Amino acid sequence: MRRIIMAALAAVSLGGMAHADTIKVGVIGPFSGPFALQGKNFKAGIDAYMAMHGDTVGDDKVEIIYRDVPAPDPAQSKALAQELIIKEGVQYLTGFYFTPDAMAVTPLLTQGNVPMVIMNAATSAIVTKSPFVVRTSFTLWQTSTPIAQVARDKGVDKVMSVVSDYGPGVDAENAFKAAFTAAGGTVVEAIRMPLSTNDFSPIMQRIRDSGAQAVFAFLPSGPTTLGFVKAYNQNGLKEAGIQFFAPGDLTQESDLPALGDTALGILTTFHYSVAHDSPENKAFVEAASRAIGNPAELSFPAVGAFDGMHVIYKMIEATDGEQDAQKAVDAVKGLAWESPRGPVEIDPESRHITENIYLREVAKSDDGTYYNKEIQTFEKQGDPGLAAAN
Amino acid sequence: MAALMNENAIAGKPARVRLAGSDLLGVAIVIAAAIAGYFLFPNNLALLTRIISIALLVLSLDLVTGYCGVATLGHAALYGAGAYAAGMAAVHFGITDPLAMMAVGILAGTAAGLLSGVIVLRAHGLPQLVLSIAIVHLFHEAANKASSWTGGSDGLASIAPDPLLGLFEFDLWSRTAYVFGVVLLLVVLIVLRLVVRSPFGMLCRGIKEDPIRIRAMGASVHGTIMRMYAISGAVAGVGGALNAISTQVVGLDSLSFTLSAEALVMLVLGGTGSLYGALIGTVSFLWFEDIVSAANPFHWLTIVGALLILVVLFAPRGLYGTASAFLERRQEARR
Amino acid sequence: MQTVLSIAVDALAYGMVLFVISIGLSVTMGLMRVVNLAHGAFAMIGGYIASYAARDLGVGYGVAVLIAVFGTILIAIPIERLLYRRIYGAPELTQVLMTIGITFCIIGIANFVFGPTLKTIPLPPELQGSINLGFRAVATHRLFAILCGLVVAGALWYLIEKTAFGVKLRASVDNAAMAAALGVRTQIVYAVSFAIAIGLAAFGGVVGAELLPVEPYYALRYMVTFLVVVSIGGAGSIPGALLACLLLGGIDTTGRYLMPEFGEFFFYLAVIAIVCVFPRGLAGRAK
């Protein structure tokens, strides 16, 4: 059995060499279903990168193959990854919006000799599951830690934490709690609400009753966020002076038109704002807007995808188009570049991205659109989540 | 096939021989299809394994819905229980032998089946549907809450099953997982053929048609369906454990309402009340989904929707049900 | 005391929003005996039309609601003639398959046409902001939803119980063949009640949009909620549906307030308990 596998592997890598003219990259993400918007952003980021840097690296042509996993489904994700590796002969796997989908694929990487570039999935532990995983997005620990300091700077002592009850929510809560307590504040109460919550009025009432000066919240972007922010306004918490802190998922750009005035003044920390002021970002936003069609739909997964493609292009360059996962991953360890989000670097130890985290405030521009205005920078933030897990 | 079987049962002994023959034929067709799948799609074995795993869930659903007339949109609770039990046995208790994991999955599936049976049978019709929905949500929420055991929404990762029988590793190509799955499916299929044809199986059918009359005959409606629920749980447990072993990650999706609803769709698509209908429904739905979603990952849902509508319009008894009814009519016309 | 009152207000508001959205489904399931899983899809269409009318055409809220209701009915008519007519009286599972298929198609089309982002329906100034009830603030829009719920409940009850059409409808439901023999044009009765159900779905989709925002996946995301509410109430019964909405709204709100961590457990355990006590739904008729 083993001999057959080795022979087949050799055949695959030989095949890779013989067909070095086309390098296939498999993208697994949510392209339909409730998270279709995020998948669309993956595609926009990838298209933007290829529009700006061409679809060839050296003499090799890069071909993208998309596969859809509409909602977290590790079994389907794994089946598709296997199909991509064996049948389509992809040299790189990328995409991955959800943690379980990425987790399911990590055991395949060594045997398939394929590096995996994660464009979103934000649980710290994924990078430890295989030496061939590189991540160009963020972790909840990374984006939720700085906001604790911001809250302290605003003179807040008592905070109530409200998160959706699933992995990322729990991560956000733990990160915030750790940082806020370390900075001398108290988290008076921490509640986790079921993901399916539609009506947030009772939660708002609880926040009021808790006597906290501010609320820290994390919910997945989309309909729940809208309901939550609206309830925050309509139940008079804003008027009562209870401040609102959150990681940037809550005010992702594609939700801002729906949130409208209700979101004004909310403080979030995140790795990327579409309004980031730099020539790199201008070029990116222009290309990505063209790729996505409707510029209002552009959001953070696009920049994860854009930088993911940058990493993949560098890998292809380093391996000269040959299939060699180890060499490819080694080549991008410590790789630093100017991303649309600001200066970034792949941490050689964890293979996770080190990046600036920005404090932003939702503001209204002159033409009536809303944007995340960056007002403070926390430079070169790594992932505190890995250290916390050990 | 269902109608044919009834007819044979009435006709008595000579028919039984023919029936055994048709059984062998069915099993032979499944074996042939499995071998063909192995050689025609050697690069898609992971998909085929997933189809087998889901097919076991749909078969299990058919036992209670198709044979006993119990309406349920919460059958994934049984499947997920099997998957999580097998996964947790491997991760937390070091039970990494695939056969032992399978046994754990079957036990957990049976237990979950009995539990949901007790609750679901408290009502009929729509309220029954709601009970089943409540159960699958409770299971889902429990797994989400117990994240130190189940991994919560991140999924239960690092399940590392030993080589099967100490010889065959679960590899990138999924060959072992596929063969393992095919063998399991065949065993389940043969056992279920015996079960549904037994007096017990006939009693279940009777209950579906007319529970009052069965009760008047002196049989226990509740007890009979509970037994079927236990068998159904065991079958779903096999599917779930197979999923845990072959994927090596168990996610909350395996306990979801969505999976339950999809299973029901596949069952109705194939045709309720016959084991082959369940198989054909699963294979055609997942295979179709795979093709259209690869062809257009962005807008394939519309095409799947259209397929379901077309099936209702042109094959109202499901693919298999309508086909077998058609064949039967042809046969009768020839007579 | 304040807490109790506060929970009561939230529960009433949430329950009435649920009622407005799901009462149409109660009509299709109870009176027309169609398990219409596409109900949410029609509510979503209503929401999209209202959003388009109010945002892009700039018409007033009231007009947008009307356009949404009639627009959705207009879209639904060919669907009824071509598809639903084939499944009246078919086994429930067949109906499930057909209506899920319709839902998938509508989701796909909505995603393609309107894109995957959230759509809002701008409220008129009168409905924005909140009203202070003395012990707490409540969104004006919530009070409007409560009012809508009461009006819908009253009007429907009158229509079904007191008018000639209601008599024909009930006759057709109980025994279509006999009703037809007595000169009731059952096809028309069915078509009209289908239109009413769809109109109610669209209306609910628009009024409830503040709570359940409009996006392509709306149709599936809230399907379970609608199904649970209608079944608990006893399909086809308006007082039953109203009672179920208030009860479930109350349970849900109390659970979320007192122990949000276990909100889901609380809700579904209560659902199981209710069904065990009332196996035919709160106001279900014996078959």
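Residues numbered from 1 in each chain as written. Chains lettered and ligands numbered in written order. Predicted model: local features only at pLDDT ≥ 70, side-chain atom pairs only at ≥ 80, totals over all residues.

What counts here: UniProt positions are given in the numbering used here, feature names are shortened, and annotations may be inferred rather than shown by experiment.
Going by what an unreviewed UniProt entry lists, chain B is known as Branched-chain amino acid ABC transporter permease and is assigned to Paramesorhizobium deserti. As its UniProt record puts it under Subcellular location (unreviewed entry), chain B is described as follows: "Cell membrane".

An unreviewed UniProt entry lists chain A under the name Amino acid-binding protein, with Paramesorhizobium deserti as the source organism. For chain A, the Sequence similarities (unreviewed entry) comment in UniProt is given as "Belongs to the leucine-binding protein family."

## Observations concerning the overall build of chain A
The criterion, for reference: Strands are runs of DSSP state E lasting at least two residues, helices are runs of H or I lasting at least four, and both sets are numbered from the N terminus onward. As defined in this context, the radius of gyration uses C-alpha atoms, and a globule is described by 2.2 Å times the residue total to the power 0.38. Note on burial: count the other C-beta atoms lying within 10 Å of the residue's C-beta; 20 or more is buried, 12 or fewer is exposed, in between is partly exposed, and C-beta positions come from the backbone. Placing a C-beta atom from the backbone of each residue, one calls two residues in contact when those atoms lie within 7 Å.
Along the backbone of chain A there are 13 helices and 15 strands. Relative to the compact-globule value of 21 Å for 390 residues, chain A shows a C-alpha radius of gyration of 21 Å, a close match. Seen along its three principal axes, the alpha-carbon backbone of chain A occupies a region of about 70 × 45 × 35 Å. A burial count over chain A gives 61% of its 390 residues as buried. For chain A, contacts bridging at least 24 residues in sequence account for 72% of all contacts bridging at least 6.

## Comments concerning helix 15 (residues 319-334) of chain B
Residues and elements named next belong to chain B. As a reminder of what qualifies: By definition here, a helix of n residues has an expected span of 1.5 Å times n minus one.
In this model, helix 15 (16 residues) spans 23 Å end to end at C-alpha, consistent with the 22 Å of a helix rising 1.5 Å per residue. Buried within helix 15 we find Leu319, Tyr320, Gly321 and Ser324. Against the buried residues of helix 15 lie helix 12 (257-270), helix 13 (275-295) and helix 14 (300-314).

## Things to note about the environment of A:Thr128
Structurally, the position occupied by A:Thr128 is in the loop between strand 5 (116-118) and strand 6 (133-135). In the structure, A:Thr128 is positioned 222 residues away from A:Ser350 in sequence and 7.5 Å away in space, judged by C-alpha atoms.

## Regarding unusual backbone geometry
Residue and element names in this part refer to chain A. Despite not being glycine, phenylalanine 96 has its phi angle at roughly 70°, a positive value. Position of phenylalanine 96 relative to the elements: it lies in the loop between strand 4 (92-95) and helix 4 (99-112). The phi dihedral of aspartate 320 is positive, around 60°, even though this residue is not glycine. Turning to its location among the elements, aspartate 320 is positioned in the loop between helix 11 (301-319) and helix 12 (325-332).

## Things to note about the interface of chain A and chain C
Where we set the bar: Any residue outside Ala, Val, Leu, Ile, Met, Phe, Trp, Tyr, Cys, Pro, Asp, Glu, Lys and Arg is labelled polar, Gly included; the first ten of those are nonpolar and the last four are charged.
The interface is formed by 33 residues belonging to chain A together with 28 residues belonging to chain C. Contributing elements (two or more residues each) for the side of chain A that touches chain C: helix 2 (36-53), strand 8 (186-193), helix 7 (201-210) and helix 8 (223-234) of chain A. Counted by class, the side of chain A that touches chain C contains twelve nonpolar, 13 polar and eight charged residues.

## Thoughts on the interface of chain C and chain B
With 35 residues of chain C at the interface, the matching set in chain B holds 31 residues. For the side of chain C that touches chain B, the secondary-structure elements that each account for two or more residues are helix 3 (61-87), helix 4 (92-114), helix 10 (223-233) and helix 12 (263-277) of chain C. Looking at the side of chain C that touches chain B, its residues break down into 26 nonpolar, six polar and three charged.

## What about the domain arrangement of chain A?
Residue and element names in this part refer to chain A. How we decide: An automatic or database domain assignment provides the domain bounds reported here.
Its domain assignment divides chain A into domain 1 (2-138 + 277-351) and domain 2 (141-270 + 357-389). Put simply, the middle of domain 1 and the middle of domain 2, counted by C-alpha atoms, are 30 Å apart. The interface is formed by 14 residues belonging to domain 1 together with 15 residues belonging to domain 2.

## Focus: the pairing of strand 7 (residues 158-164) of chain A
All names here are of chain A. Note the cut-off: Strands qualify as paired when DSSP identifies two bridges or more between them. When the strands point away from the viewer and the connection leading from the first strand across the helix to the second strand turns clockwise, the crossover is called right-handed.
Across the seven residues that make up strand 7, a large majority, six, are buried. One ladder, built from seven bridges, connects strand 7 with strand 8; its direction is parallel. Paired with valine 159 across the two strands is valine 187, which belongs to strand 8. Chirality of the crossover, the property in question, places the unit of strand 7, helix 6 (residues 167-182) and strand 8 among those that are right-handed. Of the strand pairs in this sheet, strand 7 and strand 9 (residues 214-218) are connected by five bridges, and their pairing is parallel. Note on strand 9: the bridge partner recorded for valine 159 is alanine 214.

## Side note on the UniProt feature "transmembrane region" (unreviewed entry) in chain B
Sequence positions flagged by UniProt for "transmembrane region" (unreviewed entry) are, in local numbering, residues 21-41, 47-64, 76-95, 101-121, 177-196, 229-252, 264-288 and 300-320 of chain B. The span residues 177-196 of chain B is 100% helix and 0% strand, and its two end C-alpha atoms sit 28 Å from each other.

## Focus on the sheet that holds strand 5 of chain A
Residues and elements named next belong to chain A. Put simply, the rule is: To obtain an axis, a line is fitted to C-alpha atoms, over the contacting stretch when the element is a helix, and the angle between two such axes runs from 0 to 180 degrees between their N-to-C directions.
Pairing in this open sheet of six strands is mixed, and the strands run 2-3-1-4-5-6 from one edge to the other. Here the strands that pair on one side only, and so sit at the sheet edges, are strand 2 (56-57) and strand 6. Judged from the four bridges that link them, strand 1 (residues 22-29) and strand 4 form a sheet pairing that is parallel. Along strand 4, the bridge assignment pairs valine 25 with tyrosine 92. The sheet contacts of helix 4 involve strand 1, strand 4, strand 5 and strand 6, and relative to strand 5 the element is tilted by about 160°.

## Here we look at the confidence of the model for chain B
The cut-off we apply is this: Per-residue confidence from the predictor is given as pLDDT, running between 0 and 100.
Per-chain confidence: chain B averages 86 in pLDDT, with 93% of residues scoring 70 or above. Across the interfaces of the predicted complex, the ipTM metric reaches 0.88, alongside a pTM of 0.88.

## Notes on the pairing of strand 11 (residues 267-270) of chain A
Here is the key point about a regular strand: its side chains alternate between the two faces of the sheet. All names here are of chain A. Both faces of strand 11 are covered, namely the face carrying Leu267 and Thr269 and the face carrying Thr268 and Phe270. Of the strand pairs in this sheet, strand 11 and strand 14 (residues 353-364) are connected by four bridges, and their pairing is antiparallel. Its bridge partner being in strand 14, threonine 268 is matched across the sheet by arginine 360.

## Re the UniProt feature "domain: Leucine-binding protein" (unreviewed entry) in chain A
The UniProt feature table records "domain: Leucine-binding protein" (unreviewed entry) at residues 22-364 of chain A. Within the segment residues 22-364 of chain A, helix and strand shares are 42% and 23% respectively, and the terminal C-alpha atoms sit 46 Å apart.

## Things to note about the packing of helix 3 (residues 45-65) of chain B against helix 13 of chain B
Residue and element names in this part refer to chain B. Definition in use: Between 65 and 115 degrees an angle is taken as roughly perpendicular, under 35 as roughly parallel, over 145 as roughly antiparallel, and anywhere else as oblique. Each crossing is labelled by how the near helix is turned from the far one, with a counterclockwise turn of less than a right angle marking it left-handed and a clockwise turn marking it right-handed.
Relative to each other, helix 3 and helix 13 sit at 140°, their axes nearing to 9 Å. As summarised for this structure, helix 3 and helix 13 are arranged oblique, according to the angle between their axes. Once helix 3 is placed against helix 13, the crossing between them reads as right-handed. Taking contact as the criterion, the partners of Leu47, Ile51, Ile54, Ala55, Val58, Leu59 and Asp62 in helix 3 are, on helix 13, Leu275, Ala278, Leu279, Gly281, Thr282, Val283, Leu286 and Asp290. Partitioning the contact of helix 3 with helix 13 into residue classes produces eleven nonpolar, two polar and two charged.

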